[in-house]
Amino acid sequence: MKPSILVARAVFPEVIERLRQHFDVEDNQEDKVYTADELASRLQGKDGMFSTLSERVDQALLASCPQLKAVCNMAVGYNNIDVDAASRAGVVVTNTPDVLNETTADFGWALLMAAARRITEAEQWLRDGKWQKWRYDSFVGADLHGATLGIIGMGRIGQAIARRSTGFGMQVIYHNRSRLAPELEAQANHARYVGREELLREADHVVLVLPYSPALHHTIGEAEIALMKPTAVLVNIARGGIVDDAALIRALRERRIAAAGLDVYENEPALNPDFLTLTNVVLTPHIASASVATRLAMANCAADNLIAALTGAVPPNLLNPEATKGK
Ligand code: DGY
């Protein structure tokens, strides 16, 4: 008998077909976002789950699904999963690193450029029929070339963002849990390691790429924003909760920083409605990794992990080796 899995959200049909070669698959191609109770009920008797960042996998869910052996997230981030609780329950957890680095870095730049050069604000104005004449100061924004780029979170995506800055003749400063090896700093446009406060003070623009954990909640709040230059752009492609959205809204409204480019929000998809009243923020719906090729690669990576996990192999992107001792 094949192991049984739940694919918790809609995914590429070819990936479902691939999974069907190995598993009895319950899919969700109508893409309903399950409540916690619905998810627990769908997972009854299932050996594995192909999850996304929308499914909360906590102690309560794990306790209600004793047969579950693997949760394979189609995302590099896995703050939707209580990995310690999964390990205690003997449930292996995997993510999809690497395949999205370059696409996500591209998107970080897209947000930075759009916010610095006021692209969405100008487009909206044009679409509203307001363009009657050219003016010397219409939608003047900030230059990126020659500026100092501050990157907080210098993992693989942060480094890919830094590499792209060479074409803009920028200097890169970064802050990270630990300093990179000298050869990685050299590849990342000779990025210079600095303290977080120094970065916020010195950077012309700041990009956030750090993973979320409760200890990093509101890493950027009122006090941190106060250190930034009034001409600075803040880009968040990390996770909601890294930034205190209410503090950022106040700062943008009072023009204490120039602009922001945001792909992630506290409580998304229910973002703070005050964002919608601001013209100096570019807002996108958590799509930094959303190129066709990369989303397909992420889905296949999650499928590879699930196939390995439920056929006795070590999944390529295992996050909790300790779990394998459990079941
Ligand atoms: C990730 O992979 O963590 C992204 O945020 C989802 O695309």
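Residues numbered from 1 in each chain as written. Predicted model: local features only at pLDDT ≥ 70, side-chain atom pairs only at ≥ 80, totals over all residues. Heavy atoms only, no water.

1. Re the pattern of salt bridges
When their charged atoms lie close together, side chains carrying opposite charge are able to pair. One pass over the full model with this rule turns up 25 salt bridges. When the shortest N-O distance is used, the salt bridge between lysine 46 and glutamate 26 registers 2.9 Å. Highlighted residues: lysine 46 in the loop between helix H2 (36-42) and strand E3 (48-51) and glutamate 26 in strand E2 (residues 24-26), separated in sequence by 20 residues. Residue glutamate 26 is classed as partly exposed on the basis of its relative accessible area, which comes to 22%. Residues glutamate 102 and arginine 164 are paired through a salt bridge, measuring 2.9 Å at the closest nitrogen-oxygen approach. You can see glutamate 102 sitting in helix H5 (residues 101-116) and its partner arginine 164 sitting in helix H7 (residues 156-164), a full 62 residues away along the chain. Assessed through its relative accessible area of 22%, arginine 164 is described here as partly exposed. Put simply, Glu102, Asp106, Arg163 and Arg164 are held in one network by salt bridges that share partners. (Salt bridge = Lys/Arg side-chain N within 4 Å of Asp/Glu carboxyl O. Helix = DSSP H or I, 4+ residues; strand = E, 2+ residues; numbered from the N terminus. Buried < 20%, exposed > 50% of the residue type's maximum accessible area, 1.4 Å probe, protein only.)

2. Some thoughts on the domain arrangement of the protein
Along its sequence, the protein is organised into domain 1 (4-97 + 292-325) and domain 2 (101-283). Domain 1 and domain 2 are separated by 32 Å when their C-alpha centres are compared. Taken residue by residue, the interface counts 6 residues in domain 1 and 4 residues in domain 2. Buried area between domain 1 and domain 2, summed over both chains or domains, comes out near 480 Å², and the portion from carbon and sulfur atoms is 50%. The interface formed by domain 1 and domain 2 contains 0 salt bridges. Here domain 1 and domain 2 share 2 residue pairs in polar contact (both at pLDDT 80 or more) between them. (Domains from an automatic or database assignment. Contact = heavy atoms within 4.5 Å. Buried area = accessible area lost by both parts, 1.4 Å probe. Polar contact = N/O pair within 3.5 Å; in protein donor to acceptor, adjacent residues only side chain to side chain.)

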